[in-house]
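# Structural features, examined
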Amino acid sequence: MKNTPSVEQQLEIYRRMLLVRHLEERLGVLHKEGRTRGPIHRCDGQEAVGVAATAALETGDKVATTHRGHAVYIGKGMALRPVVAEIFGRATGACGGRAGHMLVADAEKGVIGGNAIVGAGIPAATGMALSMQILGTGNVAMCIFGDGAAQTGICHEAMNMAGLWKLPVVFVLEHNQFGLTVPSDVQSSVADLSIRAAGYAMPAEIVDGNDAVAVYRAVSAMVERARRGEGPGMIECKTYRIEGFSTSDMGGYQKPEDIAAWKARDPLLISRKALSGKIDEARLAAIEAAAKAETDEAFEAALSDPMPEFTVDEACNPYSEAH
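Report follows, based on the coordinates. What you are looking at is a predicted structure, and each value in this text was computed from that prediction instead of being measured.

Parameters at a glance
Residues numbered from 1 in each chain as written. Predicted model: local features only at pLDDT ≥ 70, side-chain atom pairs only at ≥ 80, totals over all residues. Heavy atoms only, no water. Helix = DSSP H or I, 4+ residues; strand = E, 2+ residues; numbered from the N terminus. Core = buried A, V, L, I, M, F, W, Y, C linked by side-chain atoms within 4.5 Å. Buried < 20%, exposed > 50% of the residue type's maximum accessible area, 1.4 Å probe, protein only. Contact = heavy atoms within 4.5 Å. Phe/Tyr/Trp six-rings, centres within 6.5 Å; stacked < 30°, edge-to-face > 60°.

## Quick notes on unusual backbone geometry
Non-glycine residue Asn3 carries a positive phi angle of around 70 degrees. For Asn3, the position within the fold is in the segment before α1 (7–32).

## Describing the nonpolar core
Among the nonpolar cores identified, the biggest contains 58 residues, and Met17, Val84, Met142, Val172, Val219 and Val223 are the most heavily contacted of them. Per-element tally for this core: the top contributor is α1, with 10 residues. Those residues in contact with Val172, other than ones at most four positions away along the chain, are Val49, Ala53, Met142, Cys143, Ile144, Phe145, Val219, Ile235 and Cys237. Judged by nonpolar contacts, the second largest core, of 24 residues, contains Met132, Ala150, Cys155 and Ala162.

## Notes on the packing of aromatic side chains
Following the criterion strictly, the structure yields four aromatic pairs and no others. Arranged with centres 5.8 Å apart and planes meeting at 75 degrees, the rings of Phe178 and Tyr240 form a pair that is edge-to-face. Of the two residues, Phe178 is situated in strand β5 (residues 178–179) and Tyr240 in the loop between β8 (233–238) and α8 (256–263); the sequence distance between them amounts to 62 residues. You can call Phe178 buried: its relative accessible area is 9%. The class of Tyr240 is buried, set by a relative accessible area of 4%. Taken together, a centroid distance of 5.6 Å and an interplanar angle of 70 degrees make the contact between Phe178 and Tyr253 edge-to-face. Pair noted here: Phe178 is in strand β5 and Tyr253 is in the loop between β8 and α8, with a separation of 75 residues, a long-range link.

Any functional reading would require information beyond the geometric quantities listed.
If you want it as structure tokens, here you go:
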């Protein structure tokens, strides 16, 4: 089937999803121990969206994401250790320990970063696409956002501009059923948010957001279309937020049966099942063990790294004797 990732590509997507899952679970444990700084927004169960969508991009392409962006960081090629170090505010972090887990960025990898403001990555990606179009770089911008962000005015403004000017941007809606603690069906009058794309003259497709191969196929087709100069596209990935809004979420508003049903359709299980007929068990087990070891090593190293040092520029200090 067209745009189906090769077996090796599927293996790499699976490996990166494993890294993200181990990252999220370890962060959950450390938060309970009081060792994280502020709430952590985990993406357990949503790894297929961030990892498979970014797998369709080239290094020169750029992506903007949300406060729940760990899968995007790793999916776009960032190494695990600088991401972990950044989350814990270490000098070796991707942003020198100054960003925290919601704002991690790596310009060389095309990761413009997460954003703590709901929907703010949407106009950012649209602006990047305009720049790419003007400069003729041949690159594509991508924005991964949630169903809560889809309700913002700036989302519609940005999509209108993208459709009007045929910008090379792909809008990937990670529809995880909740905006903070509010179910999607009381946020929107329609269940399929991507039908709005028709109003901006852009194609849209709805896919199973827990199936990495399905996500890759749909997103890569839209990326190719945008790269050809045919304008923006939208992919709505149906998934589910297994964990709470953040590690400070007290829960109680999600139905246990819904959580159980979605856990049965874990993206890692789906990917492993798809690979099991193509890859021998020993190789899969080795990849899984290596991903766990890589995560353990990244945490051990990052938590041993130093905190950043800050200096005050006395020339700009209003409290210095110079003033």
